[in-house]
Amino acid sequence: VVFTHIRNGMYFTEDLPVYISNSNRLLKVTVTPDQPTYAKGQIAHVTITVVDSAGAPVAAKLLADGYEARMSSNVLVDQASIAAAFLTPNRLATNGSSSLVSIGTWGGGMCGGGPPDVAGFASGNYPGQSNVWLSGLSTDSTGRASIDVPMNLPGPVRFVVIANTATSSWGQAEIDMSLQ
């Protein structure tokens, strides 16, 4: 809880940490590429699995982002997933790696991904930008989804998946996929 106020022309802020544990709503997300390393231009076939806190498969909505892994290299301490930040007892934070990425070039801005009808978007033709930005994905009733990731960036690809359910359960996983 944060209270901010101005008194006698001076800015004041006070905070009181309130720790809430909803760890039973934390999803375990696993990202498994089909091979350990890829050649530039190859397509990585990635399997995503999502289970609940008891280990049972769940149907979930997914958001996936792939970008140059080196873009996160200046993060001193990578934070826990966004889900862990809000569902387990700790001070609120954000995922450090996701805050550092320009995730697209749609509309000339550096956010929001890109439209699928733009050929250069998913082809890796925007150096330093996202290689892939996928929304509207879902796992099936067995908690599984498969997607293809173009490996067109100049170095290893960091692939991040965020999952959520209709009952407000959340989870996140990220892996670095190697390029030869």
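Residues numbered from 1 in each chain as written. Predicted model: local features only at pLDDT ≥ 70, side-chain atom pairs only at ≥ 80, totals over all residues. Heavy atoms only, no water.

Our next topic: the environment of A69. Secondary-structure assignment places A69 in the loop between β6 (61–68) and α1 (82–87). Under the relative-accessibility criterion, A69 is labelled buried at 12%. In the structure, A69 is positioned 87 residues away from P156 in sequence and 5.6 Å away in space, judged by C-alpha atoms. When neighbours within four sequence positions are excluded, A69 is seen to be in contact with P156, V157, R158 and D176. (Helix = DSSP H or I, 4+ residues; strand = E, 2+ residues; numbered from the N terminus. Buried < 20%, exposed > 50% of the residue type's maximum accessible area, 1.4 Å probe, protein only. Contact = heavy atoms within 4.5 Å.)

Attention shifts here to the nonpolar core. The nonpolar side chains of a soluble globular protein tend to be buried, and buried together. The biggest cluster of nonpolar side chains holds 25 residues, and the ones touching the most others in it are V46, V50, F159 and M177. Where this core is concerned, the elements lending two or more residues are β3 (28–33), β5 (43–51), β6, β8 (144–150), β9 (157–164) and β10 (170–179). Every residue in contact with V50, bar those within four places of it in the chain, is listed here: L27, K28, V29, A56, P57, V58, A60, L62, T139, G143 and A163. (Core = buried A, V, L, I, M, F, W, Y, C linked by side-chain atoms within 4.5 Å.)

Let us look at the sheet that holds β3. Ordered by their spatial adjacency, three strands build an open sheet running β3-β5-β8, and the pairing between neighbours is antiparallel. Looking at strand neighbours, the two that pair on one side only are β3 and β8, the edges of this open sheet. Geometrically, the sheet is characterised by an average inter-axis angle of 25° between neighbouring strands, direction not taken into account. The sheet contact formed by β3 and β5 spans six bridges and is antiparallel. Among the inter-strand pairings, V29 is bridged to a residue of β5, identified as V50. (Pairing = 2+ DSSP bridges. Axes fitted to C-alpha atoms, helices over the stretch in contact; angles between N-to-C directions.)

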